[in-house]
Amino acid sequence: MIDRARRWIARDAGGTAHWALVDAEVAPPREGEITVLVRAAGMNPADLKHVLAGPASAFPVPLGYEISGDVVAIGERTAIGSGDVEIGDRVVAFRVQGGYATRLTISAAKAFRKPVPLSHAEAANLLLAGTTAAELLDRARAVAGETVLLHGASGAVGAMVLQLAMLRGVTVIGTASPASGDRVRRFGGLPVAYGPGLAARVRAIGAPVAALDAVGTDEAVDVSLELVADRARIVTIAAPARASRDGFVALAGRQPSSAAFRDGIRGELVRLADEGLLRVPLARTYRLDEAIAATRVLAEGHPGGKLALIP
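Residues numbered from 1 in each chain as written. Predicted model: local features only at pLDDT ≥ 70, side-chain atom pairs only at ≥ 80, totals over all residues. Heavy atoms only, no water.

## Some remarks on the overall build of the chain
Summing up its helical and strand segments, the chain has 10 helices and 16 strands in all. Computed over its C-alpha atoms, the radius of gyration of the chain comes to 20 Å, within 12% of the 19 Å expected for a compact globule of 311 residues. If one aligns the C-alpha atoms of the chain with their principal axes, the spans along those axes are about 65 × 40 × 35 Å. Every one of the 311 residues in the chain was classed for burial, and the buried ones make up 52%. Looking at the chain alone, contacts between residues at least 24 apart form 66% of all its contacts between residues at least 6 apart. Here the chain displays about 13400 Å² of accessible surface, and carbon together with sulfur accounts for 52% of that area. Positive and negative side-chain charges of the chain, numbering 35 and 32 respectively, have mean locations separated by a distance of 2 Å. (Helix = DSSP H or I, 4+ residues; strand = E, 2+ residues; numbered from the N terminus. Rg over C-alpha atoms; globule rule 2.2 N^0.38 Å. Buried < 20%, exposed > 50% of the residue type's maximum accessible area, 1.4 Å probe, protein only. Contact = heavy atoms within 4.5 Å. Areas by Shrake-Rupley, 256 points an atom, 1.4 Å probe, with all protein chains shown as cover. Lys, Arg positive; Asp, Glu negative; His and termini not counted. Charge placed at Lys NZ, Arg CZ, Asp CG, Glu CD.)

## Focus on helix α6 (residues 198–205)
For α6, the complete set of buried residues consists of L198, A199 and V202. Seen from one end, α6 has its buried residues packed into an arc of 95°, which puts them on one side. (Arc of directions from axis to C-beta.)

## Some remarks on the pattern of salt bridges
Inspection of the entire model under this criterion finds 22 salt bridges. Here E33 makes a salt bridge to R30, at a shortest N to O gap of 3.2 Å. Classification of E33 by relative accessible area gives buried; the value is 15%. By relative accessible area, which is 59% here, R30 ends up exposed. Taking the shortest distance from any N to any O, the salt bridge between R271 and E275 comes out at 2.9 Å. Given a relative accessible area of 48%, E275 falls into the partly exposed group. Each member of the salt-bridge network shares a partner with another, and the members are D218, D222, R242, R245 and D246. (Salt bridge = Lys/Arg side-chain N within 4 Å of Asp/Glu carboxyl O.)

## Quick notes on the pairing of strand β5 (residues 66–74)
Sheet analysis places strand β3 (residues 33–42) next to β5, joined by seven bridges and oriented antiparallel. By the bridge assignment for β5, A41 is matched with I67. Two strands pair when backbone bridges link them, and β5 and strand β6 (residues 90–94) are joined in this way by five bridges, in the antiparallel orientation. Its bridge partner being in β6, S68 is matched across the sheet by V92. (Pairing = 2+ DSSP bridges.)

## A few points about the side chain of T78
When you line up the elements, T78 lands in the loop between β5 and β6. At 2.7 Å, the side chain of T78 and the backbone nitrogen of G32 are in polar contact. One polar contact links the side chain of T78 to the main-chain carbonyl oxygen of E76, over a distance of 3.0 Å. Beyond its immediate sequence surroundings of up to four residues, T78 is in contact with R30, E31, G32, E33, I34, V85 and A108. (Polar contact = N/O pair within 3.5 Å; in protein donor to acceptor, adjacent residues only side chain to side chain.)

## Quick notes on unusual backbone geometry
Each neighbour pair has its own omega, and for F59 with P60 the value is 5°, a cis peptide bond. Of note, P60 is situated in the loop between α1 (45–49) and β4 (61–62). At R95, a position not held by glycine, the phi torsion is positive, near 70°. The residue R95 is located in the loop between β6 and β7 (103–107) in this model.

## Digging into the environment of E25
Along the chain, E25 turns up in strand β2 (residues 19–26). A relative accessible area of 55% places E25 in the exposed class. Each C-alpha atom, one on E25 and one on D47, is 21 Å from the other, the two residues being 22 residues apart in sequence.

## Observations concerning helix α9 (residues 256–274)
For an α-helix the count is 3.6 residues per turn, leaving residues at separations of three or four pointing the same way. The terminal C-alpha atoms of α9 lie 28 Å apart, and with 19 residues this matches the ideal 27 Å at 1.5 Å per residue to within 8%. Along α9, the largest kink reaches about 35° and is centred on R266. Within the span of α9, buried status applies to S258, A259, R262, I265, R266, L269, V270, L272 and A273. In the core, the buried residues of α9 are packed alongside β6, β8 (111–113), α3 (127–139) and α4 (156–168). (Expected span 1.5 Å × (residues − 1). Bend = angle between axes of the 7 residues up to and from the residue.)

## Comments concerning the pairing of strand β15 (residues 282–287)
Of the strand pairs in this sheet, β15 and strand β16 (residues 306–310) are connected by five bridges, and their pairing is parallel. Its bridge partner being in β16, Y286 is matched across the sheet by L309. Traced from β15 through helix α10 (residues 291–299) to β16, the parallel crossover comes out right-handed. (Right-handed = clockwise from strand over helix to strand, strands pointing away.)

## Some remarks on the packing of aromatic side chains
Taken as a whole and assessed by the stated rule, the structure comprises one aromatic pair. Both rings, one in W19 and one in Y100, keep their centres 6.5 Å apart while their planes meet at 70°; by these two values the pair is edge-to-face. One end of the pair, W19, is in strand β2; the other, Y100, is in the loop between β6 and β7, and 81 residues separate them in sequence. (Phe/Tyr/Trp six-rings, centres within 6.5 Å; stacked < 30°, edge-to-face > 60°.)

## Details of the environment of G32
Mapped onto the elements of the fold, G32 is located in the loop between β2 and β3. For G32 and A5, which are 27 residues apart along the polypeptide, the C-alpha to C-alpha distance reads 21 Å. Those residues in contact with G32 that sit more than four places away from it in its chain are E76, R77, T78, I106, S107 and A108.

This is the structure:
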């Protein structure tokens, strides 16, 4: 039996003018697959970024990389990433394609039991930001007792870095606007206002041995280079051109090594969230048909937390 769903696609390269909410077939799950009734779809800047360019032959592209929902069909001899699966189980899934949808058939290996403390909207935003944050800390080789500098500490990835660093015993000096300082403190960081004089303000707080960049501004890069001697411990997810020019580390989820690390850490992040040790700051939810309006808010860069689409 073929189910029907509504889903967002990018018909061609470019911005949201090329997006459409369409009817789609949802094939029954084969061996190793499950079908999920989507309760929430996480929203990330990458959702738009990855369809801004590309050959015409690559389109249409289903939108959305992470979801939370209920298992409604299971293929033969199938288990999810965290073990056996039954109809009705609540799951989260990351590195899927087409999460902006009402229903989706996916590889069961991409799914894990939803952390109980998190709502569907929160859970749908756990893994992309969480795996990115975990890789930043890993590549910077941050260990207990050290101090690191984090640019963009009040954002989604920043909030995850702060929480994971605290669990490691790592102190984080986090840049943010003055209005966002309380959020940095809430997640365990030491806030410092960005802007002229940033390096001096950081020195007044501590001596970072590594720098993590989640914003990509020249200020973030320049201050990181000034304060951190070992360029192998300066890691960015937002300034690849500067990393290439100045000899520090740039990460991207499509790099094979990054993809392998992020896939491997998913289960640990789900476990931490299930134990109440990882929180997801949620700004607001939107209806599925409001995806374009929600994307505009996300593109502004300061939504105040994560956004989710609710089918």
